[in-house]
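Given next are the chains, with one letter for each unit.
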Amino acid sequence: METTFHFSSADEISPDFIETLKAAFKKKPIAITVEEDFYIPAWQKEETLKRKEHIKNHPDSLTDFDIMMAELEQEMDNEK
């Protein structure tokens, strides 16, 4: 059996709810999974899709992350 309870935050879980849960399941094994909602704003999705299209049309525009970080570290060292 699977039962799902949805709360907008952990603050909504009252001691009464916990006691009701304990009474309902008593000594039966249960699993509790916490799943955070991950909201991505529409503007960010649009920008990501634009970037994806740009990369598809201009693959040479990609930068290797490790190289970029090394160059950034070098620039910061030069500013000291």
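Above this text is the structure in question.
Residues numbered from 1 in each chain as written. Predicted model: local features only at pLDDT ≥ 70, side-chain atom pairs only at ≥ 80, totals over all residues. Heavy atoms only, no water.

Student: For this particular structure, what's the right way to read the overall build of the protein?
Tutor: Tallying secondary structure elements over the protein gives three helices and zero strands in all. Scanning the protein from its N terminus toward the C terminus, one meets helices and strands in the order α-α-α. Rg of the C-alpha trace for the protein: 24 Å, well past the compact-globule value of 12 Å for 80 residues, more than 25% over. Viewed in the frame of its principal axes, the protein has a C-alpha envelope of about 65 × 35 × 25 Å. Classification of the 80 residues of the protein by burial places 4% in the buried group. Accessible surface computed for the protein: about 8300 Å², of which carbon and sulfur atoms make up 56%. (Helix = DSSP H or I, 4+ residues; strand = E, 2+ residues; numbered from the N terminus. Rg over C-alpha atoms; globule rule 2.2 N^0.38 Å. Buried < 20%, exposed > 50% of the residue type's maximum accessible area, 1.4 Å probe, protein only. Areas by Shrake-Rupley, 256 points an atom, 1.4 Å probe, with all protein chains shown as cover.)

Student: Just to check I follow, could you spell out the packing of aromatic side chains for this structure?
Tutor: How two aromatic rings sit relative to each other is set out by the distance from centre to centre and by the angle between their planes. Using the criterion set out here, one finds two aromatic pairs in the structure. Aromatic pair Phe5 and Phe17: ring centres 5.0 Å apart, planes at 80 degrees, arrangement edge-to-face. With Phe5 in the segment before helix H1 (15–25) and Phe17 in helix H1, the pair connects residues that are 12 residues apart, well separated along the chain. Looking at Phe5, the relative accessible area reads 43%, which means it is partly exposed. The interplanar angle of 80 degrees and the centroid separation of 5.2 Å between the aromatic rings of Phe7 and Phe17 together place this pair among those described as edge-to-face. Residue Phe7 is found in the segment before H1, and its partner Phe17 is found in helix H1; the two are separated by 10 residues along the sequence. Phe7 gets classed as partly exposed once you look at its relative accessible area, which sits at 33%. (Phe/Tyr/Trp six-rings, centres within 6.5 Å; stacked < 30°, edge-to-face > 60°.)

Student: Explanation requested: a nonpolar patch on the surface in the structure shown.
Tutor: Side chains of Phe5, Phe7, Ile13 and Ile18 sit close together on the surface and give an oily, nonpolar patch of about 320 Å² of accessible area. For Ile18, a relative accessible area of 35% corresponds to the partly exposed category. (Patch = residues over 30% accessible without salt bridge, like charges linked within 9 Å, V, L, I, M, F, W, Y side chains within 5 Å. Salt bridge = Lys/Arg side-chain N within 4 Å of Asp/Glu carboxyl O.)

Student: Can you walk me through the environment of Ala31 in this structure?
Tutor: Mapped onto the fold, Ala31 is located in the loop between H1 and helix H2 (42–57). Spatially, the C-alpha atom of Ala31 lies 9.7 Å from that of Glu2, the residues being 29 residues apart in sequence.

Student: Looking at this structure, how should I read the layout of surface pockets?
Tutor: To find leftover empty space, one rolls a probe the size of a water molecule over the atoms. In this structure, the largest pocket occupies an estimated 1100 Å³ of space. If you trace the largest pocket, you find 25 residues lining it, with Thr4, Phe5, Ile32, Thr33 and Val34 closest to the centre. Of the residues contributing to the lining of the largest pocket, the split by class is 14 nonpolar, six polar and five charged. (1 Å grid on protein atoms, 1.4 Å probe; cavity = no way out; pocket = protein on both sides within 12 Å on 5 of 7 lines; lining within 4 Å. Points joined across faces, edges and corners; volume = space filled by probe spheres on them. Nonpolar A, V, L, I, M, F, W, Y, C, P; charged D, E, K, R; others polar.)

Student: Hey, could you run me through unusual backbone geometry in this one?
Tutor: Keep in mind that most residues, glycine aside, have a negative phi and that most peptide bonds are trans. At Lys26, a residue that is not glycine, the phi angle is positive and equals roughly 35 degrees. By secondary structure assignment, the location of Lys26 is in the loop between H1 and H2.

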